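# Reading the structure
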Amino acid sequence: NREERREKRLSVISIAPHSFSVGMFSWFPLFFPLKEPLRVPPGATVNCSIWRRSDDGRVWYEWCAEVVTIADHSRETMAGGEASTVVWGTSSIHNPGGRSYHVNK
C-alpha cells in the first residue's frame, strides 16, 4: 500500500526524548531558514521537505517549504468529487549541493 510506505518514511523531529521517531538517537534543535518569508493565511498548512544529501566527502541538508490550504468545493465534494489543494506560496530549494553549509565525513 502506497500510504503505508509513505508513513514509514516520515520522521518526527523533536528535542524532547519522549517524542522522537523510533531509531533516532540524538536530539538536537534544527533551524532551517528561508531566504524569503512566506505568507501563511489563517487555516493554511506549511509543508517542509528536507533531504539529507551526501557525496564522497560531505553530508548536507537541502530544504524547501510550501503553504497550502484545502479548497472546499461543497457542491463537488458532496457529489463525490475530491477537495483540491491550493498552493499559496513555495520557497526555493535552499542549500543546493551543500553550497552554504555541509559537514565533512
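The structure contained in this document is the topic of the report that follows. (Residues numbered from 1 in each chain as written. Predicted model: local features only at pLDDT ≥ 70, side-chain atom pairs only at ≥ 80, totals over all residues. Heavy atoms only, no water.)

As enumerated under the stated definition, the model contains two salt bridges in all. In this structure, Arg 53 and Glu 62 form a salt bridge, with 3.6 Å as the shortest nitrogen-oxygen distance. Relative accessible area serves as the criterion here: at 36%, Arg 53 is assigned to the partly exposed category. For Glu 62, a relative accessible area of 10% corresponds to the buried category. A salt bridge links Arg 58 to Asp 55; the shortest N-O distance between them is 3.1 Å. (Salt bridge = Lys/Arg side-chain N within 4 Å of Asp/Glu carboxyl O. Buried < 20%, exposed > 50% of the residue type's maximum accessible area, 1.4 Å probe, protein only.)

With that settled, the discussion passes to the packing of aromatic side chains. Counted according to the given criterion, the structure contains two aromatic pairs. Centroid distance Phe 32 to Tyr 61: 6.3 Å. Interplanar angle 75°. Geometry classified as edge-to-face. Of the two residues, Phe 32 is situated in the loop between α1 (2-9) and β1 (45-54) and Tyr 61 in strand β2 (residues 58-71); the sequence distance between them amounts to 29 residues. Judged by centre distance (4.9 Å) and plane angle (65°), the ring pair of Phe 32 and Trp 63 falls under edge-to-face. Of this pair, Phe 32 sits in the loop between α1 and β1 while Trp 63 sits in strand β2, and the two are 31 residues apart along the sequence. One aromatic cluster is present, formed by Phe 32, Tyr 61 and Trp 63 through successive ring pairs. (Phe/Tyr/Trp six-rings, centres within 6.5 Å; stacked < 30°, edge-to-face > 60°. Helix = DSSP H or I, 4+ residues; strand = E, 2+ residues; numbered from the N terminus.)

In short, geometric facts, not functional conclusions.
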